[in-house]
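Spelled out, the chains give:
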Amino acid sequence: MWIERYLFNPSFFQKILSFLFLPFTFIYCIIVYFKFPKKYKDMNIPIISIGNLIIGGSGKTPFTISLANTIKGGAVVLRGYGRNSKGCIIVKNKDILVDVKESGDEAMEIALNTDAIVIVSENREDGIKKAKKLGAKYVILDDGFDKPFKKLNIVIDVKIDNNFCIPSGGYRYSRSYLKYADIILEENKNFKRVVEVPECENCILISAISKPERLLEYVKTDKYHFFIDHYQYKKDEIQKILDENNTDTILTTYKDYVKLKDFGFNIKLIRLNLEISEDVIDKIKDYLVKYD
């Protein structure tokens, strides 16, 4: 998609546009500097924040799933981006309590793949308090890098070609903000992705994840249809895409599956597992032990 190429891997002409936006980037960076927390509130529960510096996907959700399955007894608190609901909502407490429209796709993906309590809330403090009431031993705060709580700040560091902050580039925070991270993670060093693609001779790849073109690294096909991140699928729209491509089978990710599964289509899943290195798990466990 044009905007993602502009933000992450700009062409020559996109770089010119990027430079033209630099005065606005300067203003943005000043606002971020003053908004970034200088004081941190102790919520009396260990909090592990999983964040990043760039816009869009960097592996936060699969990392959260892997961590929640490795260290049991936690709750995951996230905004629930793209949901058709407001306020603090319990998505899962042993059982799943809402549908994907109320939870958002990422929260439902976590709920279906872990035993953790899952809560969505625009106000993360409300979500953390709810997790404590429900008996969580610790909280994983999805996308919590800039949230003003005492926490273990884990940042997944993804380097991109465009080194500017928005709107000139794909960084939400400049790389200098890595100084606020307690643990900095790099793919293939501190964790690795294990991707399993099922056999599918006449499928169409459909996805609405951030930077969906990265799926083509694992799926060798010329039949694909990508949407913007967190897109809310419509059944007739998907049926039309299937008809135009002379297929009745969708190949997709789990994040997309939670929004497609009730439409009744044939779906084959790309499985993504994230393996976290033992030294990172040991550092997280050490934080939890010291907190107690």
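As a reminder, the structure under discussion sits directly above these lines.
Note that residues are indexed from 1 along each chain, following the sequence as it is written. Only residues with pLDDT of at least 70 are given local features in this predicted model, and only at 80 or more are side-chain atom pairs given and counted; all residues enter the totals for whole chains, interfaces and linings. Hydrogens are left out, water is left out, and the side-chain values use all remaining heavy atoms of the structure.

Q: Requested: an account of the sheet that holds strand β12 (residues 249-253), with residues and values cited.
A: We call two strands paired when DSSP finds no fewer than two bridges between them. For helices the rule is a DSSP run of H or I covering at least 4 residues; for strands it is a run of E covering at least 2, with both sets numbered from the N terminus onward. Taken in spatial order, the 5 strands make up an open sheet running β9-β13-β12-β10-β11, and their pairing is mixed. With partners counted over all chains shown, the strands left at the sheet margins are β9 (191-196) and β11 (224-226), one partner each. Between one strand axis and the next, the sheet turns by 20° as a mean value, whatever way the strands run. Across 6 bridges, the pairing between β9 and strand β13 (residues 266-276) is antiparallel. In the sheet register, K192 faces β13, and the bridge partner there is E275. Throughout, a residue-residue contact means that at least one pair of heavy atoms, one from each residue, lies within 4.5 Å. Orientation is described by axes fitted as lines to C-alpha atoms, over the contacting stretch for helices, and by angles from 0 to 180 degrees between their N-to-C directions. Running over the sheet, helix α8 (residues 235-244) touches β10 (203-207), β11 and β12 and is turned about 145° from β10.

Q: Mind laying out the nonpolar core, listing which residues take part and the relevant values?
A: The criterion is simple. A nonpolar core is a set of buried Ala, Val, Leu, Ile, Met, Phe, Trp, Tyr and Cys residues joined through side-chain atoms within 4.5 Å. Only protein chains enter the accessibility calculation, which uses a 1.4 Å probe. A residue is then buried if its area is under 20% of the maximum for its type, exposed if over 50%, and partly exposed in between. Counting residues in hydrophobic clusters, the biggest one holds 38 residues, and the most contacted among them are I48, F63, L67 and I284. Looking at which element gives the most residues to this core, the answer is helix α10 (residues 278-291), with 5 residues. Not counting residues up to four positions away in its chain, the partners in contact with I48 are L67, Y138, V139, I140, L141, L152, I154, I284, Y287 and L288. Core analysis: the next-biggest nonpolar cluster, separate from the first, contains 16 residues, L7, V32, I160 and L178 among them.

Q: Residues and numbers for the pairing of strand β5 (residues 117-120), please.
A: Of the two faces of β5, the one holding I117 and I119 and the one holding V118 and V120 are both buried throughout. Note that strand β2 (residues 74-78) and β5 share 4 bridges and pair parallel. Residue V76 lies in a different strand from β5, and its bridge partner there is V118. Taken together, the 3 bridges between strand β3 (residues 89-93) and β5 define a ladder with antiparallel strand orientation. For K92, the partnering residue across the bridge sits in β5 and is V118.

Q: Requested: an account of the side chain of S58, with residues and values cited.
A: Its location among the elements puts S58 in the loop between β1 (47-52) and α4 (60-70). By relative accessible area, which is 2% here, S58 ends up buried. A polar contact is formed between the side chain of S58 and the side chain of N52, at a distance of 2.9 Å. When near neighbours in sequence (up to four residues on either side) are disregarded, S58 contacts N52, I156, V158 and R193. Two N or O atoms form a polar contact when they lie within 3.5 Å of each other; inside protein one atom must be a possible hydrogen donor and the other a possible acceptor, and for residues adjacent in sequence the pair counts only when both atoms belong to side chains.

Q: Please set out the packing of aromatic side chains residue by residue, giving values where relevant.
A: Here the aromatic set is Phe, Tyr and Trp, taking the six-membered ring for Trp, and pairing holds for ring centres within 6.5 Å; pairs whose planes are under 30 degrees apart are stacked, those over 60 apart are edge-to-face, and all others are tilted. Within this structure, the stated rule accounts for 20 aromatic pairs. With a centroid separation of 5.6 Å and an interplanar angle of 5°, the aromatic rings of W2 and Y6 are classed as stacked. Of this pair, W2 and Y6 are both found in helix α1 (residues 2-8), 4 residues apart, which corresponds to roughly one turn of the helix. Each ring, one from F36 and one from Y180, has its centre 4.7 Å from the other, and the planes form 35°; the classification is tilted. Here F36, found in the loop between α3 (22-35) and β1, pairs with Y180, found in the loop between β7 (152-156) and β8 (183-185); they are 144 residues apart in sequence, far enough to count as distant. Take F36: its relative accessible area is 4%, and that puts it in the buried class. The ring of Y33 has K38 sitting right over it, with the charged end atom 4.9 Å from the ring centre. The ring centre of F8 lies 4.5 Å from the NZ or CZ of K211, which sits over that ring. Note on criteria: charge over ring means Lys NZ or Arg CZ within 6 Å of the ring centre, with the direction from the centre no more than 35 degrees off the ring normal.

Q: Which residues make up the side chain of D142, and what values go with them?
A: Positionally, D142 belongs in strand β6 (residues 138-142). The convention is simple: Lys and Arg are positive, Asp and Glu are negative, and His and the chain ends are not counted. A pairing counts as a salt bridge when a side-chain nitrogen of Lys or Arg comes within 4 Å of a carboxyl oxygen of Asp or Glu. Of the side chains with opposite charge, K60 lies nearest to the buried D142, which makes no salt bridge, at 5.6 Å. With near-sequence residues (within four places) excluded, D142 lies in contact with I50, K60, T61, T64, V77, L78 and R124.

Q: I'd like a rundown of the pattern of salt bridges, residues and numbers included.
A: One pass over the structure, following the stated rule, counts 15 salt bridges. Here K129 ties to E125 by a salt bridge, and the two come within 3.4 Å at their closest N and O atoms. With a gap of 4 residues between them, K129 and E125 both fall in helix α7 (residues 124-133), about one helical turn apart. Of the charged contacts in the structure, one is a salt bridge between K255 and D229, with a shortest N-O distance of 2.8 Å. Residue K255 is found in helix α9 (residues 254-260), and its partner D229 is found in the loop between β11 and α8; the two are separated by 26 residues along the sequence. Residue classification places K255 among the buried positions, given a relative accessible area of 9%. Several salt bridges converge on common partners, so that one network encompasses K41, E125 and K129.

Q: Tell me about the sheet that holds β8, and name the residues and values.
A: With mixed pairing, 8 strands are arranged side by side in an open sheet as β4-β3-β5-β2-β6-β1-β7-β8. The two strands at the open ends of the sheet, each matched to only one other strand, are β4 (95-96) and β8. Contacts between α7 and the sheet are confined to β1, β2, β3, β5 and β6, with β2 contributing the most and set at about 160° to the helix.

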